[in-house]
Amino acid sequence: MGEKQNNIDIIKSMRRKTLRKSMLNYGIVIAAYAVMQIMIATGNISSLLKGLLVPLCVYVIAALSLNLVVGISGELSLGHAGFMCIGAYTSAFFSNAVGNTLPDLPRFILAILIGAAFAGVFGILIGIPVLRLKGDYLAIVTLAFGEIIKNLLNVLYAGIDSHGLHFSTTSAMDLHMEPDGRQIIKGALGISGTPKNSTFTIGVVLIIVTLIIVQNLINSRNGRAIMATRDNRIAAESIGIPVTRFKLLAFAISASLAGVAGVLYAHNLATLNTKKFDYNTSILILVFVVLGGIGNLTGSIIAAVVLTALPEMLRFLNNYRMLIYAIVLIVIMLFNWAPASLDLRSRLREKLFSKHKSEKREEGEQDGNS
Amino acid sequence: MAILEVNRLSISFGGLHAVDDFNLSIEKGEMYGLIGPNGAGKTTVFNLLTGVYKPTEGIIRLDGKDITGKNTIEINKTGIARTFQNIRLFKDMPVLDNVKTGFHNHYSYSTLTGILRLPKYRRVENTLDERSMEILKVFDLDKEAALLAGNLPYGKQRKLEIARALATEPKLLLLDEPAAGMNPYETSELMETIRFVRDHFDMTILLIEHDMKLVSGICEKLTVLNFGRTLAQGITSEVLSDPAVIAAYLGE
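Residue indices begin from 1 for each chain and proceed along its sequence in written order. Written order decides the labels, with chains lettered from A and ligands numbered from 1. Thresholds applied to this predicted model are a pLDDT of at least 70 for local features of residues and 80 or more for the giving and counting of side-chain atom pairs; totals over whole chains, interfaces and linings are not thresholded and use all residues.

S.K.: Hey, could you run me through the overall build of chain B in this one?
M.R.: Each helix corresponds to a stretch of at least 4 residues labelled H or I by DSSP, and each strand to a stretch of at least 2 residues labelled E; elements are numbered beginning at the N terminus. In terms of regular secondary structure, chain B is built from 10 helices and 10 strands. Each radius of gyration is computed over the set of C-alpha atoms, and the globule rule expresses the reference value as 2.2 Å times the number of residues to the power 0.38. Taken against the 2.2 N^0.38 rule, which gives 18 Å for 252 residues, the C-alpha radius of gyration of chain B at 19 Å falls within 12% of a compact globule. Residues counted as buried form 46% of the 252 residues belonging to chain B. In chain B, once contacts between residues fewer than 6 apart in sequence are set aside, the share between residues at least 24 apart is 66%. The exposure scheme places C-beta atoms from the backbone and then counts, for each residue, the other C-beta atoms within 10 Å of its own, assigning buried at 20 or more, exposed at 12 or fewer, and partly exposed in between. Distance between backbone-placed C-beta atoms decides contact: two residues are in contact if it is within 7 Å.

Here it is, written out as structure tokens:
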């Protein structure tokens, strides 16, 4: 009887721990949102910061989605900007094509779903052949994918008229549209006139949704299977887990979440082109994940926010801006991974933890006395 | 009827006959030992049985079903689970989750159920936790359930690997050098555990081992391999007194 109670206690405390971890992330996001709202309401916010709010949400979502691939499934993707690009283009195309025939909110929700779906499909298409291989092939293929998508969209022309959709990869003239036609994707000029539906509130809601998806996945049967394939592929196969399928699952979900980040990005700008979705952005997102701690969602959120806001906040330093930025990167890296720092942190945690524990014990004793 | 039936199993890598004309028949509930000097092909036999390698020749039957040439995942689903010579745990996951992962194909719900936390999620997770704790209890690991698997001491990691394999509810359990790196005390404790597993789970066990005390202590039958060929086969005490076996182990 006592044994059973003991088991229940262990499981309960494990569940509490995971719950606490998840709630911490929701708490951080909601608290940050509340602070920003108060700052906006009281007018204590610079226009610079205000303009940064939606991009911050974009990068947080992108970092969380990449962490699902890098941290949870243990693969490396160097083309996450490519998936953002697909989400951005498909959703912006949809929003422009539909125009005012739908009210703003339902249209934007549909746009998000479309962006996520297309990015997810591309994730599956890339994942099916590549994730069968052992090794870092995914990194190479996604790197190429990001560049290919960018270049393809650079020469893509598309429009809509009474006959439906027209596509061309040569010029706007080749679309052969009726006089009532509207050109939406204009080659290297991209898409302009996308409705600016992205708001800070929607961005935060999308971050919460992303967190729910990623965290609930990690703490479920299939999430465990994904992490098992990461920790030991051979052992995972030996207990009957289809490794490729679960790597693909993680990659597809991650790609569609990156697509969502792209949708949010596209609906925040008057003009959308492929310049922003290059190799540098993919690496930047990876930097957020690595500096935040691989597999650590809280870290990804904080790193994305700090490292996106920092260069903007440091603008007054002019030429020294990027120098400071680089130093901050190095300091964070040391704090996260240097043995001395790890040691210090674990000692601090122990101190805090044991203090907490002994206080509890004292309380318990007092209860017993009274 | 024999639970595992292996006929004329062979595999060659290039010109090397790693396993040649290997025959084996294990009855249900039997404790069977596979021994031999280093490089004799013992682990290769395990890899053939679990589908890591495809045999160049021969047939493997589990419980009457032909499993020759199937992949590891299918073979595990049919009923063979194994442990590894060099421990392969999911190191960054808690001890409990290692066992829960073993139940993967027995208690399932969809990805969406997991993400949306539908009622089925709670139900299945409760059962999983309960059953995993039961297995951990058998191996005296229940108190360490919340620790990361990689932080367990060596002997317990070995036990956890067996626990995880048992969670797949196999008909046949393969143990690859379960006592490797253990001190005599740990080894005798492990012998007790293996015996208990056989009785408690009604398990058939095939094990590779170098520790002769363990082999003679718990194995009812033995097969001795040398250079990929079967040197002797039969009742443990008879095999171990076979002059050819003694020669292979001690040299002539």
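Let us keep going from here.
S.K.: Quick question: what am I supposed to make of the packing of helix H7 (residues 221–231) of chain A against helix H3 (residues 95–102) of chain B here?
M.R.: Geometrically, a packed helix pair is captured by the angle between its two axes and the distance between the axes. Fitted lines through C-alpha atoms serve as axes, helices being fitted only where they are in contact, and the angles separating the N-to-C directions of these axes extend from 0 to 180 degrees. Look at H7 of chain A against H3 of chain B: their axes get within 10 Å of each other, and the N-to-C directions meet at 105 degrees. Taken together, the axes of H7 of chain A and H3 of chain B lie roughly perpendicular to each other. The segment H7 of chain A lies against H3 of chain B, with Arg224, Ala225 and Ala228 of chain A engaging Asp97, Lys100 and Thr101 of chain B. The residue makeup of the contact of H7 of chain A with H3 of chain B, split by class, is 2 nonpolar, 1 polar and 3 charged. The scheme is simple: roughly parallel for angles under 35 degrees, roughly antiparallel for over 145, roughly perpendicular for 65 to 115, oblique for anything else. When residues are grouped by polarity, Ala, Val, Leu, Ile, Met, Phe, Trp, Tyr, Cys and Pro land in nonpolar, Asp, Glu, Lys and Arg in charged, and all others, Gly among them, in polar.

S.K.: Teacher, can you tell me more about the pairing of strand S8 (residues 204–208) of chain B here?
M.R.: Residue and element names in this part refer to chain B. Of all 5 residues making up S8, 5 are buried, and the element is well covered by its neighbours. Across the two faces of S8 the burial is the same, with Thr204, Leu206 and Ile208 and Ile205 and Leu207 all buried. Across 4 bridges, strand S3 (residues 31–35) lies against S8 in parallel orientation. If you follow Gly33 over to S8, its bridge partner there is Leu207. At least two DSSP bridges between two strands are required for those strands to pair. Of the pairings in the sheet, the one linking strand S7 (residues 172–176) to S8 comprises 5 bridges and is parallel in character. Its bridge partner lying in S8, Asp176 is registered against Ile208. Here is how to tell: hold the view so the strands point away, follow the path from the first strand over the helix to the second, and if it runs clockwise the crossover is right-handed. As for the winding sense of the linkage, the β-α-β connection from S7 through helix H7 (residues 184–201) to S8 is right-handed.

S.K.: Looking at this model, I keep getting lost on the sheet that holds strand S9 (residues 221–226) of chain B. Mind explaining?
M.R.: Each strand in a sheet pairs with another by means of backbone hydrogen bonds, the pair being arranged parallel or else antiparallel. All names here are of chain B. Strand order in the open sheet formed by 6 strands is S6-S7-S8-S3-S9-S10, with mixed pairing between adjacent strands. Of all strands in the sheet, those with a lone pairing partner are strand S6 (80–82) and strand S10 (229–235), marking the two edges. Neighbouring strand axes in the sheet, compared pairwise and without regard to direction, differ in orientation by 15 degrees on average. When S6 meets S7, the two strands line up parallel, connected through 3 bridges. Within S7, the position partnered with Ala81 by the bridge is Leu173. Taken strand by strand, helix H1 (residues 42–49) contacts S3, S6, S7, S8 and S9, and its axis lies near 145 degrees from that of S7.

S.K.: Would you take a moment to explain the interface of chain B and chain A for this structure?
M.R.: Many authors give the size of an interface as the accessible area that is lost as the parts come together. The partner chain A presents 27 residues to the 36 residues of chain B that form the contact. Broken down by secondary-structure element, the contributors of at least two residues to the side of chain B that touches chain A are helix H2 (72–78), S6, H3, helix H4 (111–116) and helix H5 (119–138) of chain B. A class-by-class count of the residues in the side of chain B that touches chain A yields 14 nonpolar, 11 polar and 11 charged.

S.K.: Sorry if this is basic, but what is going on with unusual backbone geometry here?
M.R.: Leaving glycine aside, a negative phi is the common case for residues, and trans is the common case for peptide bonds. All names here are of chain B. At Arg8, a position not held by glycine, the phi torsion is positive, near 50 degrees. When you line up the elements, Arg8 lands in strand S1 (residues 2–13). With phi around 60 degrees, Asp140 is a residue other than glycine that occupies positive phi space. By secondary structure assignment, the location of Asp140 is in the loop between H5 and helix H6 (154–167). Taking the C-beta count within 10 Å as the criterion, Asp140 has 12 such neighbours and is therefore assigned exposed.

S.K.: Which parts of the structure should I look at to understand the pairing of strand S4 (residues 57–62) of chain B?
M.R.: One face of the sheet, then the other: side chains in a regular strand alternate in exactly this way. Residues and elements named next belong to chain B. In the sheet, S1 pairs with S4 via 5 bridges, with the strands oriented antiparallel. Bridged to Val6 within S4 is Ile60. When S4 meets strand S5 (residues 65–66), the two strands line up antiparallel, connected through 2 bridges. Across the sheet, residue Leu62 finds its bridge partner in S5, namely Lys65. Connecting S4 to the next strand, S5, in antiparallel fashion are 2 residues, including Asp63 with a positive phi near 55 degrees.

S.K.: Would you take a moment to explain the confidence of the model for chain B for this structure?
M.R.: Segments scoring low in pLDDT should not have their predicted coordinates read at a detailed level. Residue and element names in this part refer to chain B. Averaged over chain B, the pLDDT score is 92; the fraction of residues at 70 or greater is 99%. On a range of 0 to 100, pLDDT expresses the predictor's confidence in each residue. Per-element averaging of pLDDT across chain B places helix H10 (residues 243–250) at the bottom with 82 and H3 at the top with 96. For this predicted complex, the interface confidence comes out at an ipTM of 0.92, alongside a pTM of 0.90.

S.K.: So what exactly am I meant to see when it comes to the environment of Asn273 of chain A here?
M.R.: Residues and elements named next belong to chain A. Relative to the helices and strands, Asn273 is located in the loop between strand S5 (271–272) and helix H10 (279–292). Here the alpha-carbon distance between Asn273 and Ile185, two residues 88 residues apart in the chain, equals 9.3 Å. Excluding its chain neighbours within four sequence positions, the residues that come into contact with Asn273 are Ala188, Leu189 and Gly190.

S.K.: Got a minute to help me understand the environment of Asn197 of chain A in this structure?
M.R.: Residue and element names in this part refer to chain A. Considering the arrangement of structural elements, one finds Asn197 in the loop between strand S4 (191–192) and helix H6 (200–218). You can call Asn197 buried: it has 20 C-beta atoms within 10 Å. Note: C-alpha distance between Asn197 and Pro55 (142 residues apart in sequence) is 13 Å. Setting aside chain neighbours within four positions, we find Asn197 in contact with Asp104, Phe108 and His267.

S.K.: Any chance you could explain the nonpolar core here in plain terms?
M.R.: Residues and elements named next belong to chain A. Nonpolar cores are built from buried Ala, Val, Leu, Ile, Met, Phe, Trp, Tyr and Cys residues. These are joined into a set through C-beta atoms within 7 Å. Cys57, Val60, Ile61 and Ala63 are the most contacted members of the largest nonpolar core, which totals 170 residues. No other element matches helix H9 (residues 243–266), which puts 17 residues into this core. Among all residues touching Val60, those that are not within four sequence positions of it are Ile207, Ile301, Ala304 and Val305.

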